[in-house]
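Letter by letter, the chains look like this.
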Amino acid sequence: MPEVKTIAVGGFQHETNTFAPHLAPFEAFERADSWPALCSGDVLFEAMAGLNIPLTGFIDRAREHGHALRPLLWCSAEPSSYVTRDAFERIAGMICDGIRDALPLDAVYLDLHGAMVTEHFEDGEGELLRRVRDVVGAAVPVVISLDLHANVTAAMVEHSDSMAIYRTYPHLDMAATGARACEQLQYLLAGRKLHKAMRKIPFLLPLTSQCTDFEPCKSIYRSLAEMGGEGLASVDLAAGFPPADIAECGAAVVAYGTDRDAVEAAAGEIFRRVVDAEPEFEFELFDAEAAVARALQNTAAKPVVLADAQDNPGAGGTSDTTGLLEALVRGGARGAVMAVLYDPEVAAMAQAAGVGAVLETELGAKSGFAGVDPFRGSFEVEALGDGRFVFTGAMNLNSHAELGDMALLRIVDEDSEVRVIVGSARSQCLDLAMIRHLGIEPTEEKIVAVKSTVHFRADFDPIAAETLVVISPGANYCRLGEMKYRNLRPGVRLEPLGSAHSTDTKPPVLQ
Ligand SMILES: [Zn+2]
C-alpha cells in the first residue's frame, strides 16, 4: 500500500494585461463564466470533476496515488487589467487561512496562472507563494502548475519547490499539467530534494508566435516531453504574457531534478534552442481590409476564419472594438458572422425588444479603449440566448458556460450580410458551441470572425478553408515593438530581433 499523504489543493487564476482598462474585482472571481464560479470545501471536488483544469488533473492523479486531499478554494476571472487589492487580499487570505486550518499537511498544490499583477504587487503569485511558505514552513513541499503564458519570476521559483507548465497553446493539456505537477510532488514526498534552474529568455514573444501548432514552438515544446533521464524530473518553458508591464515580463525556462548538473544542462539546452530560433518566430499578420478582401476570394465550401487577435478578451482585450466589424461591412462581406462583441447594453436592448425587432443604436466601443468608435446602424434581432451552454471543443470541454444575455444581430445593410453575436460577458470565442448557441452553424458561413488570438484554433482551424490573423484595435498588442513599457527590466528585446528596452522610454500612451 502506498503511504497516504495529506495535501491541501486549490487554485487562483488570473492573467493580467496592465495595458487594458477593466480591473478584476472580487466579483469577477466569484461568478461563473467560461469556467466554474469560486468554489471551496467539498463543492470544489464536484466543480472540478471532468474538466480540463490543472486542479482536476492533480486531484485525479493524487487520488490514484492514494493521497488524502484537503480542499482550499479555486477561482478564476477573465483576463483583464490589475486584480484589485481587495480581491487579492481576500482570496489570498482565504487560501492561507484554509492551509492553516488544514495543518498538519504533507504538501500544498496550487493551480496558478503565473501572470497576475495586482494593484499593489507586480508579482501576485510570488507574493501569494511567499505567504503560503510562511504558513507551512520550509519543510512542507509546495508544488504549483502554471499557464504557458506565465511570466515566471524569481519569487515564484524561490517560494515553491517545483512547478509544471502547460506545453500546448491552445491549452489542451491543462489537466495533464496538473497531473505532471502531482508526479513532481511524488519526488518530494519521497523525501528527495529537487534542484531548481531558471533562465529568462532575452526577448519577448508575441502571443501570435507562441502557438504550439507551428514552428518553432511546435518542435521546442515537443522536445520538453522527450527530455528526461537520470536526475531530471522536468523541464518546462513558459512563453510569457507580454502585455504586462512588469520587470520580469517574458518567457522563461525552468527545470527540476535530483541531479544539479542534469537540471542546469536541461535548462541551458532549452534556453539555447529558444534563443537560436529567434529569427523564426515571425508570424504573418493582416490588416482588417486586406484580410476581408482575401476572405472574399475564397471559393472553398468552408469558411475563412479571421482572428481579431488584438481584441481578444482572453488576453485582457475589451472585446468591444469595432475595426474588423467595420471592415467586414465596408468590404461587402456576405455570410459573415462575428463572435463575440461585448456590449451588455445592446444585449439587454435586444432581449427587451425581442426577435424580429430592429434596433437603431451604437454597438461596441463602450469600454473606453482609446481611438475606437462605436458601430452605428440598424440591427435586426435574429436570435436570443441566455449564455448557458456546454463547451464542446477540446480546450473547455464539458465546462458549463454562464455568460448571461446574448443576442444575434444582423446589420441592416443592402451591400453586405454581416451578423454579430453580442454578449454581456467578456468571453473569448474559442469554441464552436458559442456560435451554435445562437442558432448559427459556423461550418455553413463564408467568414467567421472571432475575438481570439490562438485558442480558437483548436476548434475552428479544422473547419476553416484558411485562417488569417488580423491586426485591428485592441489591448492585446501583437506588435510588441510599439508598446510603451515603463517597468520592464532594461535590455530585454521587445520582440524577436527587436530593439532592446531602455529605461528612458516615454511614459505610456495606452490606457
Ligand atoms: Zn494561457
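For the structure itself, look to the data block above.
Keep in mind that what you see is a predicted model, and the values were worked out from it rather than measured.

Thresholds, definitions, all that
Residues numbered from 1 in each chain as written. Predicted model: local features only at pLDDT ≥ 70, side-chain atom pairs only at ≥ 80, totals over all residues. Heavy atoms only, no water. Core = buried A, V, L, I, M, F, W, Y, C linked by side-chain atoms within 4.5 Å. Buried < 20%, exposed > 50% of the residue type's maximum accessible area, 1.4 Å probe, protein only. Helix = DSSP H or I, 4+ residues; strand = E, 2+ residues; numbered from the N terminus. Contact = heavy atoms within 4.5 Å. Donors = N, O, S within 2.8 Å, 3.2 Å for Na, K, Ca; no water. Tetrahedral: all angles 85-135°; square planar, octahedral: opposite > 155°, others 65-115°. Pairing = 2+ DSSP bridges. Axes fitted to C-alpha atoms, helices over the stretch in contact; angles between N-to-C directions. Expected span 1.5 Å × (residues − 1). Salt bridge = Lys/Arg side-chain N within 4 Å of Asp/Glu carboxyl O. Polar contact = N/O pair within 3.5 Å; in protein donor to acceptor, adjacent residues only side chain to side chain. Right-handed = clockwise from strand over helix to strand, strands pointing away.

Turning our eyes to something else, we now look at the nonpolar core. Counting 145 residues, the largest nonpolar core has Phe12, Ile95, Leu110, Val152, Met163 and Phe460 as the members making the most contacts within it. A total of eight residues in this core trace back to one element, the largest contributor, which is helix 4 (residues 85-102). Here Met163 is in contact with Ile144, Leu146, Val152, Met156, Val157, Gln184, Ser234, Asp236, Val254 and Tyr256, once residues within four sequence places are set aside. Counting residues in each nonpolar core, the second largest holds 35 residues, with Val346, Val381, Val420 and Val422 among its members.

Time to look at the coordination of the zinc ion. Ideal donor angles around a metal are set by the shape: a four-donor tetrahedron calls for 109.5 degrees, a six-donor octahedron for 90 or 180 degrees. Looking at the metal site, the zinc ion is ligated by Asp147 (OD), Asp147 (OD), His149 (ND1) and His171 (NE2), spaced 2.0 to 2.7 Å from it. One way to put it: the four donor atoms around the zinc ion meet at angles of 52 to 143°, and that makes the site irregular.

Before going further, it helps to examine unusual backbone geometry. A cis amide bond links Leu103 to the next residue, Pro104, at an omega of 0°. You can see Pro104 is positioned in the loop between helix 4 and strand 4 (107-112). Here Glu215 and Pro216 are connected by a cis peptide whose omega angle stands at 5°. Looking at where Pro216 falls in the secondary structure, it is placed in the loop between strand 7 (195-200) and helix 8 (217-226).

Right, let's get into the sheet that holds strand 8 (residues 234-238). Within the open sheet, the three strands sit side by side as 7-9-8. Their pairing is antiparallel. This sheet does not close on itself; its edge strands, each paired only once, are strand 7 and strand 8. Taking the axes of each pair of neighbouring strands and ignoring which way they run, one obtains an average angle of 15° across the sheet. Inspection of the sheet shows strand 7 paired to strand 9 (residues 252-257) by six bridges, in the antiparallel sense. Its bridge partner being in strand 9, Met198 is matched across the sheet by Val254. Running over the sheet, helix 9 (residues 260-276) touches strand 7, strand 8 and strand 9 and is turned about 20° from strand 7.

Right, let's talk about the environment of Ile91 for a bit. Tracing the sequence through the fold places Ile91 in helix 4. Sequence separation of Ile91 and Glu466 is 375 residues, and the distance between their C-alpha atoms is 43 Å. When neighbours within four sequence positions are excluded, Ile91 is seen to be in contact with Phe12, Phe26, Phe29, Leu73 and Cys75.

For the rest of this paragraph, the subject is helix 7 (residues 174-189). End to end, helix 7 covers 23 Å across 16 residues, agreeing with the expected 22 Å (1.5 Å per residue, within 8%). Here helix 7 has its buried residues at Met174, Ala175, Thr177, Gly178, Ala179, Ala181, Cys182, Gln184, Leu185, Leu188 and Leu189. Residues of helix 7 that are buried in the fold lie against strand 1 (6-13), helix 3 (54-64), strand 4, strand 5 (142-146), strand 6 (162-165) and strand 8. Following helix 7 by one or two positions, Gly191 has its phi on the positive side, about 85°.

Scanning the entire structure with this criterion turns up 28 salt bridges. Across the pair Asp134 and Arg130 runs a salt bridge whose closest N-O atoms are separated by 3.5 Å. With Asp134 and Arg130 both in helix 5 (residues 124-136), this residue pair falls four residues apart, about one helical turn. Judged by its relative accessible area of 33%, Arg130 falls in the partly exposed class. Between Glu402 and Arg388 there is a salt bridge; the shortest N-O distance is 3.0 Å. A residue pair is termed long-range when its members are at least 10 positions apart, and Glu402 in strand 16 (residues 400-402) and Arg388 in strand 15 (residues 388-390) qualify at 14 residues. Arg388 gets classed as exposed once you look at its relative accessible area, which sits at 56%. Through salt bridges with shared partners, a single network forms among Glu89, Glu127, Arg130, Arg131 and Asp134.

It is worth spelling out the side chain of Gln428 at this point. Mapped onto the fold, Gln428 is located in the loop between strand 18 (417-423) and helix 13 (432-436). Polar contacts involving the side chain of Gln428 include one to the side chain of Asn312, which spans 3.5 Å. Every residue in contact with Gln428, bar those within four places of it in the chain, is listed here: Glu78, Asn312, Pro313, Gly314, Met434, Lys451, Ser452, Thr453 and His455.

This part is about the sheet that holds strand 18. Taken in spatial order, the nine strands make up an open sheet running 10-20-11-19-12-18-17-14-13, and their pairing is mixed. The open sheet has two free edges, formed respectively by strand 10 (286-287) and strand 13 (358-363), since each of these has just one partner strand. Sheet topology note: the strand 13/strand 14 (residues 375-385) ladder contains six bridges and is antiparallel. Looking at strand 14, one finds that Glu362 is bridged to Arg376.

Taken across its five residues, strand 5 has five buried, putting it largely inside the fold. Burial along strand 5 is two-sided: the face carrying Val142, Ile144 and Leu146 and the face carrying Val143 and Ser145 are both buried. With respect to chirality, the unit in which strand 4 leads through helix 5 into the neighbouring parallel strand 5 is right-handed. Strand direction decides the pairing type here: strand 5 and strand 6, joined by four bridges, are parallel. Residue pairing in the sheet places Ile144 in a bridge with Met163 of strand 6.

With six of its seven residues buried, strand 18 lies for the most part within the structure. Taken together, the seven bridges between strand 12 (residues 334-342) and strand 18 define a ladder with parallel strand orientation. Within strand 18, the residue paired with Met338 across the bridge is Val420. Pairing analysis gives five bridges linking strand 17 (residues 406-411) to strand 18, with the strands arranged antiparallel. Counted as the bridge partner of Leu408 is Ile421 from strand 18.

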